[in-house]
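Chain by chain, the residues:
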Amino acid sequence: MAQWYEHIQALIDDVDRCILSGDDEAITLKRLAQKLGYSESYVSRKFKALSGMQLWEYLRYRKLAFALRDLRDTDDRILDIALKYGYASHEAFTRAFKEAYGVTPGGYRQHPVPVALHTILNPFDCYLLGVEGAGLAQAKGDVKTYFVTIPAHRFLHIRNYESIGYWDFWEKQSRIPGQDYETICNLLRGIRGILDDAGGSGADSGSGQVMGFINAPEGRICSWGIPLAEAYGVRLPCDYAGEVPPQMQVMDVAEGDYIVFEHGPFDFETENAAVEEKIERAMKVFCYEDTGYRLDTAPGRVFYFYHDCARFWKYVRPVTRAQPGKQR
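All values derive from a computational prediction rather than experimental measurement.

A. Summary view of the pattern of salt bridges. According to the stated counting rule, one finds 11 salt bridges in the structure shown. We note a salt bridge from Asp252 to Arg154, for which the minimum N-O separation is 2.8 Å. One end of the pair, Asp252, is in strand β6 (residues 249-253); the other, Arg154, is in strand β3 (residues 153-160), and 98 residues separate them in sequence. On the basis of relative accessibility, which here comes to 55%, the residue Asp252 falls in the exposed class. A salt bridge links Asp168 to Lys172, with the shortest nitrogen-to-oxygen separation between them at 2.9 Å. Of the two residues, Asp168 and Lys172 are both situated in helix α8 (residues 166-173); the distance of four residues between them amounts to about one turn of the helix. What makes Lys172 partly exposed here is its relative accessible area of 22%.

Laid out in structure tokens, this is it:
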């Protein structure tokens with residue numbers, strides 16, 4: 001899986017070069033597959049598994065992402081931007097742009113609110129090259145805040161409705177035969193196809209193992225008064241049909257929009273408490289007004305917590321389009 005992330009990133013870099021040079025004829029599945037040395041059908045399947053979309057869908061969103069940047073950062077006429085990215089008319093560009101981002105090109109230029117780009121193949125690694133920051137909501141101090149759309153996937157995990165926090169979670173799990181920290185982490189290391197596996201050997205987000213908080217079913221309230229279930233597991237492709245250890249359960253997570261609060265690398269021994277305070281503060285004071293989003297508390301939405309001091313600390317919280325007056 002890690003090798004295919006590298007292959008897909010190389011493909012994306014090539015796509016970006018072609019888009020920016022206006023060489024649309026070079027952006028074909030046949031040419032891209034030949035460059036990677038695989039068949040067209042195989043590349044198409046792998047791309048869909050990693051991105052949650054067909055290559056042609058990605059190309060459309062990618063061009064719109066570059067167009068969004070031009071609207072934000074240049075004074076070029078909207079029609080000129082439309083033609084630059086392959087749209088035959090102002091009207092066609094406006095329809096496509098509004099369908100993707102919920103706002104017209106003119107509306108975005110006047111008020112460039114954060115949007116989900118739809119083109120982030122490994123969402124928890126923030127931005128793809130070339131349009132980083134187009135979805136940035138805030139960058140205060142050491143904490144970045146941005147929106148992403150995460151493709152449909154599966155979440156293989158253990159779940160606890162009684163715990164309050166990471167350490168309490170594992171203390172309670174240790175009382176259940178076969179659900180202690182060491183057993184669960186070792187089982188998860190043997191699962192194939194983990195989406196967030198960066199080659200880490202420990203039980204952290206570098207190995208693809210993450211904490212999750214699942215909006216509880218209607219009427220289910222945890223012992224600490226909040227309708228969330230704490231969970232620990234791994235994200236998997238939406239077509240995963242492999243082993244599900246008897247201690248665990250797997251749930252389907254639909255494609256959705258999320259807000260990410262991210263801090264970069266830090267020293268665990270000396271900075272962990274300070275980083276936690278910064279990121280908790282950023283989440284507490286974040287203002288959703290004018291972003292077009294609000295936190296999504298619908299049952300089944302998942303909030304992920306990634307803690308890997310060598311790379312990042314991230315809270316990834318589900319959001320949905322806000323109705324007027326409903327932001328919070």
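B. Local environment of the packing of aromatic side chains. All chains considered together, the criterion is met by 20 aromatic pairs. Arranged with centres 5.9 Å apart and planes meeting at 40 degrees, the rings of Phe266 and Trp313 form a pair that is tilted. Here the residue Phe266 occupies a position in the loop between β7 (256-263) and α10 (268-285), and Trp313 occupies one in strand β10 (residues 312-321), the gap between them amounting to 47 residues. A relative accessible area of 3% places Trp313 in the buried class. An angle of 20 degrees between the planes, with centres 4.9 Å apart, marks the rings of Phe305 and Tyr315 as stacked. Residue Phe305 is located in strand β9 (residues 302-308), and its partner Tyr315 is located in strand β10; the two are separated by 10 residues in the primary sequence. For Phe305, a relative accessible area of 14% corresponds to the buried category. Assessed through its relative accessible area of 8%, Tyr315 is described here as buried. Taking NZ or CZ as reference, Lys314 lies 4.4 Å from the ring centre of Phe312, over its face. In this arrangement the basic side chain of Arg317 is found over the ring face of Phe303, its NZ or CZ atom lying 5.3 Å from the centre.

Conventions used here
Residues numbered from 1 in each chain as written. Predicted model: local features only at pLDDT ≥ 70, side-chain atom pairs only at ≥ 80, totals over all residues. Heavy atoms only, no water. Salt bridge = Lys/Arg side-chain N within 4 Å of Asp/Glu carboxyl O. Helix = DSSP H or I, 4+ residues; strand = E, 2+ residues; numbered from the N terminus. Buried < 20%, exposed > 50% of the residue type's maximum accessible area, 1.4 Å probe, protein only. Phe/Tyr/Trp six-rings, centres within 6.5 Å; stacked < 30°, edge-to-face > 60°. Lys NZ or Arg CZ within 6 Å of the ring centre and 35° of its normal.

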